[in-house]
Amino acid sequence: MAESVDIRALNELIERQSSFVTNLQTGMSQVIVGQKHLVESLLIGLLSDGHVLLEGVPGLAKTQAIKTLSQLVDSKFSRIQFTPDLLPADVIGTMIYSQKDEQFHVEQGPVFANFVLADEINRAPAKVQSALLEAMQERQVTIGKQTFKLPSPFLVLATQNPIEQEGTYPLPEAQVDRFMLKVIIDYPKQDEEKNIIRMNINGQKQEVKPIISTKEIFEARDVVRQVYLDEKIEQYITDIVFATRFPEKYNLSELKDYIEFGGSPRASINLAVASRAYAFIKHRGYVIPEDVRAVAHDVMRHRIGLTYEAEANNMTAEEIISKIINKVEVP
């Protein structure tokens, strides 16, 4: 009985604390038509302190959505356009010699911001991508002999184009794994597209003003950590991840030859954290299996290695996750 009272109290707390989510979603909808999944994914990243990789054809408002979110939060935003000739110094900064002082000074790069938009991240060579690795994982940057802490909150929101492969450098597994979510963006619906045309041909630019401070984001993150995660849900999460490693133990022997490697413990952690954030967005104080299923594809799709056999049979990570979710027993 005490537990149910706790859940009720927690629900009331989250009802109060999560009201700003609705404000953020409303603010986003003034600029972005539709794309509900994209907006929710960005909010999950923001509330979970996790980086987000967006993949989709050009023109689906990936960059616009990231920019709008950063404008709604009173924070520093920087955009880096990744190109094949980009250097690590262009991202993290460099040492500049001052003739006046006769010594080197550190010039900080665009990575020193709260929201970093890494546009077309797969266009930059490995050297630049690895410069981002320390920033994303350790939340710090080393320039010369000095190490600098990055501002908090620090979020890398990257985009990549899946169709044009000429002049691109596929992200190595270690880099992709740093992203909490990999979100596939699809085309808008027909009625949404009509609204997009209307908004753009009228020439009305919607002015976006900050509606939330970084302090409120930190407070919300503390509340997200309090969202109740039952032991049965924990078991459900580990079952999903373990099914990517040992599919035969879950009556999924047909997937064994398709999976080269399954999700790491980071996948389990991110699945739990993202499920909590999703429950918070839905103004709920506890995680249900539907929350886990809602975020599973975004958390797992970039963490499953496919064999040549899978590619030969046109088996995607997407289908593998769907088969696992349908087979693993729901608590």
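Preceding block: the structure.
First, a word on what this report is: a plain description of the structure on this page. (Residues numbered from 1 in each chain as written. Predicted model: local features only at pLDDT ≥ 70, side-chain atom pairs only at ≥ 80, totals over all residues. Heavy atoms only, no water.)

**Quick look at the overall build of the protein**
Scanning the protein from N- to C-terminus turns up 14 helices and 13 strands. Radius of gyration (C-alpha) of the protein: 21 Å, near the 20 Å computed for a compact globule of 331 residues. In terms of its C-alpha atoms, the protein occupies a principal-axis envelope of roughly 70 × 50 × 45 Å. The proportion of buried residues among the 331 residues of the protein is 48%. (Helix = DSSP H or I, 4+ residues; strand = E, 2+ residues; numbered from the N terminus. Rg over C-alpha atoms; globule rule 2.2 N^0.38 Å. Buried < 20%, exposed > 50% of the residue type's maximum accessible area, 1.4 Å probe, protein only.)

**Topic: the side chain of Glu40**
For Glu40, the location among the structural elements is in helix α3 (residues 36-48). Judged by relative accessible area, Glu40 falls into the buried class, the value being 7%. Excluding residues that lie within four positions of it along the chain, Glu40 makes contacts with Gln25, Tyr278, Ile281 and Lys282. (Contact = heavy atoms within 4.5 Å.)

**Examining the pattern of salt bridges**
Counting across every chain of the model gives 14 salt bridges. The closest approach of N and O atoms between Arg139 and Asp49, which form a salt bridge, is 2.9 Å. Taken as a pair, Arg139 in the loop between α6 (126-138) and β7 (140-143) and Asp49 in the loop between α3 and β1 (51-55) lie far apart in primary sequence, 90 residues in all. Look at Arg139 and you get partly exposed, because its relative accessible area is 22%. A relative accessible area of 29% means that Asp49 is categorised as partly exposed. Two residues, Arg301 and Glu318, come together in a salt bridge whose shortest N-O distance is 2.5 Å. In this pair, Arg301 is assigned in the loop between α12 (289-300) and β13 (305-306) and Glu318 in helix α14 (residues 317-327), connecting sequence segments 17 residues apart. In this structure Glu318 comes out as partly exposed when scored by relative accessible area, which is 29%. Overlapping salt bridges, with partners in common, bring together Lys36, Glu40 and Lys282 in one network. (Salt bridge = Lys/Arg side-chain N within 4 Å of Asp/Glu carboxyl O.)

**Comments concerning the sheet that holds strand β6 (residues 115-119)**
Read across the open sheet, the 5 strands follow the order β3-β6-β9-β1-β10; overall the sheet is parallel. Two strands bound the open sheet, and with one partner strand each, they are β3 (77-81) and β10 (179-184). Across the sheet, the mean angle separating the axes of adjacent strands is 15° when strand polarity is ignored. The sheet contact formed by β6 and strand β9 (residues 155-160) spans 4 bridges and is parallel. Pairing of Ala118 across the sheet is with Ala158, part of β9. (Pairing = 2+ DSSP bridges. Axes fitted to C-alpha atoms, helices over the stretch in contact; angles between N-to-C directions.)

**Digging into the nonpolar core**
Ranked by internal contacts, the top residues of the largest apolar core, which has 73 residues, are Phe20, Leu42, Ile44, Leu271 and Phe280. Among the elements that take part in this core, helix α11 (residues 265-281) stands out by supplying 9 residues, more than any other. Aside from chain neighbours lying at most four places away, what touches Phe20 is Leu47, Ile212, Ile217, Ala220 and Phe280. One finds Val111, Val116, Ala135 and Ala158 within the second-largest nonpolar core, a separate group that totals 28 residues. (Core = buried A, V, L, I, M, F, W, Y, C linked by side-chain atoms within 4.5 Å.)

**Some details on the pairing of β1**
Regular strands show a simple pattern: their side chains alternate between the two faces of the sheet. A large share of β1 lies buried, amounting to 5 of its 5 residues. Burial along β1 is two-sided: His51, Leu53 and Glu55 facing one way and Val52 and Leu54 facing the other are all buried. Pairing geometry for β1 and β10, over 5 bridges, is parallel. For Val52, the partnering residue across the bridge sits in β10 and is Leu181. In the sheet, β1 pairs with β9 via 4 bridges, with the strands oriented parallel. Residue Leu54 lies in a different strand from β9, and its bridge partner there is Thr159.

**Quick notes on α3**
Here α3 spans 18 Å end to end across 13 residues, near enough to the 18 Å set by a 1.5 Å rise per residue. Across the 13 residues of α3, 11 count as buried, placing the element largely inside the fold. Listed in full, the buried residues belonging to α3 are Leu38, Val39, Glu40, Ser41, Leu42, Leu43, Ile44, Gly45, Leu46, Leu47 and Ser48. Within two residues after α3, Asp49 carries a phi angle of roughly 60°, on the positive side. (Expected span 1.5 Å × (residues − 1).)

**What to know about the packing of aromatic side chains**
According to the stated counting rule, one finds 3 aromatic pairs in the structure shown. Judged by centre distance (6.2 Å) and plane angle (85°), the rings of Phe112 and Phe148 are edge-to-face. Of this pair, Phe112 sits in the loop between β5 (103-108) and β6 while Phe148 is found in strand β8 (residues 146-149), placing the two residues 36 residues apart along the sequence. By relative accessible area, Phe148 is classed as buried at 18%. With a centroid separation of 6.0 Å and 40° between ring planes, the pair formed by Phe242 and Phe246 is classed as tilted. The exposure class of Phe242 is partly exposed, given its relative accessible area of 35%. (Phe/Tyr/Trp six-rings, centres within 6.5 Å; stacked < 30°, edge-to-face > 60°.)

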